[in-house]
Amino acid sequence: MKQVKCVEMVLFRPQENVNNDELMKAMMTTNEIVKNFDGFIQRSTSINENGEFLDVVYWESKEQALQAAAKVQEMPEVMKNFALIDPNSIKMEHFEVFAVQD
C-alpha cells in the first residue's frame, strides 16, 4: 500500500473569461492524466463560494510531486487545461506528512 509522505496544495481561480463549470471539467480531465504519475496516491479538487479552487494531491514523496509538476509542463493536453487558470492567482505549497489518522 502506498504511504502518503507529501501533500501538495494549490489554490487558484479561473481566468476572467472562463466559467467555473469549464474549469471543473478541465480539472477532471487532468485527473485522468495525473493519476498515472509515479508516486501519485490521490487528488481532490474543490471549489468554494467565492469561486476559488483548491487542488489537494497526495504523493509518496515531494520528489515525485516535483517530477510530476515538471512532466505536466511538457504535456500540451494538460497545459491547455491549465491555461484556463489565472496564473496570478496560483498559490502552491508542498507539505511533509508527519502523521496520518484514519
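Structure shown above.
Residues numbered from 1 in each chain as written. Predicted model: local features only at pLDDT ≥ 70, side-chain atom pairs only at ≥ 80, totals over all residues. Heavy atoms only, no water.

Q: Mind laying out the layout of surface pockets, listing which residues take part and the relevant values?
A: Its volume calculated, the largest pocket comes out at about 390 Å³. If you trace the largest pocket, you find 22 residues lining it, with Glu8, Val10, Val72, Phe82 and Met92 closest to the centre. Broken down by secondary-structure element, the contributors of at least two residues to the lining of the largest pocket are strand S1 (6–12), helix H1 (20–34), strand S3 (53–59), helix H2 (62–72) and helix H3 (76–82). For the lining of the largest pocket, the leading source of residues is H2, giving four residues. Class assignment of the residues belonging to the lining of the largest pocket gives a composition of 17 nonpolar, two polar and three charged. (1 Å grid on protein atoms, 1.4 Å probe; cavity = no way out; pocket = protein on both sides within 12 Å on 5 of 7 lines; lining within 4 Å. Points joined across faces, edges and corners; volume = space filled by probe spheres on them. Helix = DSSP H or I, 4+ residues; strand = E, 2+ residues; numbered from the N terminus. Nonpolar A, V, L, I, M, F, W, Y, C, P; charged D, E, K, R; others polar.)

Q: Residues and numbers for the pairing of strand S2 (residues 40–47), please.
A: Inspection of the sheet shows S2 paired to S3 by seven bridges, in the antiparallel sense. Bridge pairing in S3 links isoleucine 47 to phenylalanine 53. Linking S2 to S3, which pair antiparallel, is a turn of five residues; within it glycine 51 sits at a positive phi near 80 degrees. (Pairing = 2+ DSSP bridges.)

Q: Account for H1, naming residues and giving values.
A: With 15 residues, H1 ought to run about 21 Å at 1.5 Å a step, and its terminal C-alpha atoms sit 20 Å apart, in line with that. For H1, the set of buried residues is Leu23, Ala26, Met27, Thr30, Ile33 and Val34. Seen along its axis, H1 keeps its buried residues to an arc of 100 degrees; they face one direction. Facing away from the buried surface of H1 by more than 90 degrees, the exposed residues are Asp21, Lys25 and Met28. On its buried face, H1 sits against S1, S2, S3 and H3. N-capping of H1 is provided by asparagine 19, with a side-chain oxygen placed 3.1 Å from the backbone N of aspartate 21. (Expected span 1.5 Å × (residues − 1). Buried < 20%, exposed > 50% of the residue type's maximum accessible area, 1.4 Å probe, protein only. Arc of directions from axis to C-beta. Contact = heavy atoms within 4.5 Å. Polar contact = N/O pair within 3.5 Å; in protein donor to acceptor, adjacent residues only side chain to side chain.)

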